[in-house]
Amino acid sequence: MRIPSRALRKFPFTRTPRLSPVSQLHFSQALKDFTRILFGESVMEVLRPQIITIDGRNYRKNPIQEKTYQHEEDDDFYQDSLQYSDEPCDAYEVEQTPQGFRSTVSAPSLLYKHIVGKRGDTKKKIEVETKTSISIPKPGQEGEIVITGQHRNGVVSARTRIDVLLHTFRRKQPFTHFLSFFLNEVEVQEGFLKFQEEVLEKCSMDRGVDSSIFQNPKKLHLTIGMLVLLSEHEIQQTCEMLQRCKEDFINDLSGGKPLEVEMAGIEYMNDDPGMVDVLYAKVHMKDGSNRLQELVDRVLERFQASGLIVKDWTSVKLHATVMNTLFRKDPNAEGRYNLYTPDGKYIFKERESFDGRNILKLFENFYFGSLKLNSIHISQRFTVDSFGNYASCGQIDFS
């Protein structure tokens, strides 16, 4: 795309002969910024479209003018017109039948409505444009979406569009589960209660510090990754994936024994100790090795590759939340993962930060205790077991 020369004449970086590598980098960034200002973000989106990965295949998500509608029966919505690359993909399983070609898609029933669309418009649009017929189970019934057509390319095209829709709307669902280690052994719970008592004794006069922002000691945990599991089948898939992780590398890293760790030292999430929202305790191996970090990073990588965890991070930040200002108004709040409705709308949660400078100074190296990590759990959000911890839908044990 050409930038009008009369517009460039106003900027001092239009004549840059023999630039050094650093200057070239600055010039390139300035030119990108200028293009955004002059033509809007849409130009940059066309030049560098978002890449999404589904079942190990990459697709370009081209920018379009999206329309959203209020669903007639509930608060959900769908996107009426999405345009995707329809290049044939040999990775799909397409069965040849006497009538033509057939392919099936497994999806939780909760997402069917996004393929159907308002008054069936989305489904009809895909069928007309790909010359296929799409059969979708009735709402509430689990099953497969079946695509049939006279031409293989049409079936593959419809399958691609449906996969992208499922991927898009799955990402808009709130997290339902998470992979975690429980950190609620007696020694650590007692250490946490001592920390809470001493903080309130020495720092209660600091702005925003009170008992309401402390974690429930029974819910102390270390999160590996967040999950969206919309059916019993997907929970079972997650259990099977964890078991494969155990067989492939966890047994080697753990030696078939619990990992002995310490919970010691505190840190805060943001960059201003005077305005803290989340304070956490650090967790590390007793022997000083990197085995715990390597183990959780490899679990994260495996789940990201399978599509069960969205690839937003390349490494797990080992931390156990001990103070969170979201608890001030909602003791059951679950941090930054509780900010979206099922239709993807952002929920603004007003929160009052606290001054953590004295806490960080006085308790920088506070020792909460030691414990043995022997299990990775599939924990269910907003649900507790008889011990007050997050309910576990499945687990693997190291020993």
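Residues numbered from 1 in each chain as written. Predicted model: local features only at pLDDT ≥ 70, side-chain atom pairs only at ≥ 80, totals over all residues. Heavy atoms only, no water.

1. Digging into the nonpolar core
Membership of the largest hydrophobic core comes to 58 residues, with the highest contact counts inside it found for Phe-195, Ile-359 and Ile-376. Per-element accounting of this core gives the leading share, seven residues, to helix 8 (residues 232–254). Aside from chain neighbours lying at most four places away, what touches Ile-359 is Phe-195, Val-199, Cys-203, Val-209, Ile-266, Leu-279, Met-323, Phe-354 and Glu-364. Ile-134, Ile-136, Ile-162 and Leu-165 belong to the second-largest nonpolar core, a separate cluster that totals 19 residues. (Core = buried A, V, L, I, M, F, W, Y, C linked by side-chain atoms within 4.5 Å. Buried < 20%, exposed > 50% of the residue type's maximum accessible area, 1.4 Å probe, protein only. Helix = DSSP H or I, 4+ residues; strand = E, 2+ residues; numbered from the N terminus. Contact = heavy atoms within 4.5 Å.)

2. A short note on the packing of aromatic side chains
Under the counting rule described, the total for this entry stands at nine aromatic pairs. The interplanar angle of 75° and the centroid separation of 6.4 Å between the aromatic rings of Phe-192 and Phe-214 together place this pair among those described as edge-to-face. Taken as a pair, Phe-192 in helix 7 (residues 186–203) and Phe-214 in the loop between helix 7 and strand 8 (221–227) lie far apart in primary sequence, 22 residues in all. Measuring from centroid to centroid gives 6.3 Å for Phe-195 and Phe-214, while their planes differ by 70°, and the two rings are edge-to-face. Pair noted here: Phe-195 is in helix 7 and Phe-214 is in the loop between helix 7 and strand 8, with a separation of 19 residues, a long-range link. (Phe/Tyr/Trp six-rings, centres within 6.5 Å; stacked < 30°, edge-to-face > 60°.)

3. Some points on the side chain of Lys-246
Here Lys-246 is to be found in helix 8. Notably, Lys-246 is buried but unbridged: the nearest opposite-charge side chain belongs to Asp-397, and the N-O separation is 6.6 Å. If near-sequence neighbours (up to four positions away) are discounted, Lys-246 is found in contact with Asn-251, Ile-396 and Asp-397. (Lys, Arg positive; Asp, Glu negative; His and termini not counted. Salt bridge = Lys/Arg side-chain N within 4 Å of Asp/Glu carboxyl O.)

4. So, the confidence of the model for the chain
Looking at the chain, the pLDDT average stands at 81 and 72% of residues meet or exceed 70. The low-confidence segment residues 34–39, where pLDDT is below 50, has 18 contacts with residues more than four positions distant or belonging to other chains. Of the regions scoring below 50 in pLDDT, residues 41–47 engages in eight contacts with residues more than four places distant in sequence or in other chains. (pLDDT = per-residue confidence, 0-100.)

5. Focus on the pairing of strand 9 (residues 259–268)
Strand 9 sits mainly inside the fold: seven of its 10 residues count as buried. As defined by bridge partners, strand 9 adjoins strand 12 (residues 367–373) across six bridges and the pair is classed as antiparallel. Looking at the pairing, Met-263 lines up with Gly-369 of strand 12. Both strand 9 and strand 10 (residues 278–285) contribute to a ladder of six bridges, which runs antiparallel. The partner of Glu-267 across the bridge, within strand 10, is Tyr-280. (Pairing = 2+ DSSP bridges.)

6. A look at the packing of helix 5 (residues 121–130) against helix 6 (residues 152–171)
It is the contact of helix 5 with helix 6, at a shortest axis distance of 9 Å, that shows an interaxial angle of 150°. Comparing the axis directions of helix 5 and helix 6 gives the class roughly antiparallel. Judged by the sense of rotation from one axis to the other, the crossing of helix 5 with helix 6 is right-handed. Only Gly-154, Ser-157, Ala-158, Arg-161, Ile-162 and Leu-165 of helix 6 make contact with helix 5, whose side of the interface consists of Thr-122, Ile-126, Glu-129 and Thr-130. (Axes fitted to C-alpha atoms, helices over the stretch in contact; angles between N-to-C directions. Parallel < 35°, antiparallel > 145°, perpendicular 65-115°, else oblique. Left-handed = near helix turned anticlockwise from the far one by under 90°.)

7. Re the pattern of salt bridges
The full count for this structure, using the stated rule, is 14 salt bridges. Where Glu-294 meets Arg-298, a salt bridge forms, and the shortest distance between an N and an O atom there is 3.8 Å. On the criterion of helical spacing, the pair formed by Glu-294 and Arg-298 is a turn pair, its members being four residues apart in helix 9 (residues 291–306). Since its relative accessible area comes to 34%, Arg-298 is described here as partly exposed.

8. Some points on helix 8
Maximum bend of helix 8: about 50°, positioned at Glu-247. Looking at helix 8, one finds that the buried residues are Glu-234, Ile-235, Thr-238, Met-241, Leu-242, Cys-245, Lys-246, Phe-249, Ile-250, Leu-253 and Ser-254. Where helix 8 terminates, the next one or two residues include Gly-255, which has phi positive at roughly 70°. (Bend = angle between axes of the 7 residues up to and from the residue.)

9. Section: helix 7
Helix length check: helix 7 (18 residues) gives 25 Å between terminal C-alpha atoms against 26 Å at 1.5 Å per residue, within 8%. Those residues of helix 7 lying buried are Val-188, Gln-189, Gly-191, Phe-192, Phe-195, Gln-196, Glu-198, Val-199 and Cys-203. Residues of helix 7 that are buried in the fold lie against strand 9, strand 10, strand 11 (319–324), helix 10 (357–362) and strand 12. (Expected span 1.5 Å × (residues − 1).)

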